[in-house]
Amino acid sequence: DAKTTQPNSMESNEEEPVHLPCNHSTISGTDYIHWYRQLPSQGPEYVIHGLTSNVNNRMASLAIAEDRKSSTLILHRATLRDAAVYYCILRDGHYGGSQGNLIFGKGTKLSVKP
Amino acid sequence: GAGVSQSPSNKVTEKGKDVELRCDPISGHTALYWYRQSLGQGLEFLIYFQGNSAPDKSGLPSDRFSAERTGGSVSTLTIQRTQQEDSAVYLCASSKVGSKVEKLFFGSGTQLSVL
């Protein structure tokens, strides 16, 4: 799986939008972009994924650059409960089924100030 | 429905003792992962099970670590002769195989402290 690069940390104010960037310049045509987050003292949880088009769900939005070499996770209104480590991960979708080890980098630690 | 369940949630042991950590995956999930996370660090892959295939043990740090998955469901991670550097949170995850986009569901982990 190709490598991703994220800032180590970011800060946000409560109720303001947050844009978490991820660079993946070596992404292949079949790589899906996944985001997970890890709240304090919990296991990671799935947030969102996308391939080429921007995606929205109840948790967040994912904006994918036209060349797919970068993406941005958008939290529209940050809450204190959104304070977590956010991981951007690429997974090859060429093969159906499970693909083994999901590699987590260091992610971005998001702090939310009241 | 129930999520991934791990037990115990906390385990304190003495150096040199053996420990067993249990993971109950979500029903119907055929893929199961073990990771560990040392304090302030990222997730380190340990082992992966998928159906009846041979497990991917490439992440196990030493031969003191082993894992098995009985009946394609519950998994046990065993650490023999524990060392202080084994202290970490051990996380289990499961996923449902069958689509191009595989989502992992994690348990809350077992905090292992080796004194």
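One can find the structure itself at the top, above this paragraph.
Keep in mind that what you see is a predicted model, and the values were worked out from it rather than measured. (Residues numbered from 1 in each chain as written. Chains lettered and ligands numbered in written order. Predicted model: local features only at pLDDT ≥ 70, side-chain atom pairs only at ≥ 80, totals over all residues. Heavy atoms only, no water.)

Caption draft 1: Just the state of the cysteines, in detail. All names here are of chain B. By the definition in use, this model includes two disulfides over all chains. Paired through a disulfide, Cys23 and Cys92 show a sulfur-sulfur distance of 1.8 Å. When the S-S torsion is -65°, as for the bridge of Cys23 with Cys92, the disulfide is left-handed. Taken together, the residues span a long stretch of sequence, with Cys23 in strand 3 (residues 19–24) and Cys92 in strand 8 (residues 88–95) at a distance of 69 residues. Pair check on accessibility: Cys23 and Cys92 agree, each one buried. (Disulfide = S-S within 2.5 Å. Helix = DSSP H or I, 4+ residues; strand = E, 2+ residues; numbered from the N terminus. Buried < 20%, exposed > 50% of the residue type's maximum accessible area, 1.4 Å probe, protein only.)

Caption draft 2: Structural detail: the environment of Leu20(A). All names here are of chain A. Position of Leu20 among the secondary structure elements: in strand 2 (residues 18–23). Assessed through its relative accessible area of 0%, Leu20 is described here as buried. For Leu20 and Thr72, which are 52 residues apart along the polypeptide, the C-alpha to C-alpha distance reads 5.4 Å. Leave out the neighbours within four places in its chain, and Leu20 touches Met10, Trp35, Ser71, Thr72, Leu73, Tyr86, Thr108 and Leu110. (Contact = heavy atoms within 4.5 Å.)

Caption draft 3: The sheet that holds strand 3 of chain B, seen in detail. Residues and elements named next belong to chain B. Taken in spatial order, the four strands line up as 1-3-7-6 in an open sheet, and their pairing is antiparallel. Strands at the two margins of the open sheet, each flanked by one partner only, are strand 1 (5–7) and strand 6 (65–69). The mean angle between the axes of side-by-side strands here comes to 15°, regardless of whether they run parallel or antiparallel. Here strand 3 runs beside strand 7 (residues 75–79); their pairing, made up of five bridges, is antiparallel. Its bridge partner being in strand 7, Cys23 is matched across the sheet by Ser75. (Pairing = 2+ DSSP bridges. Axes fitted to C-alpha atoms, helices over the stretch in contact; angles between N-to-C directions.)

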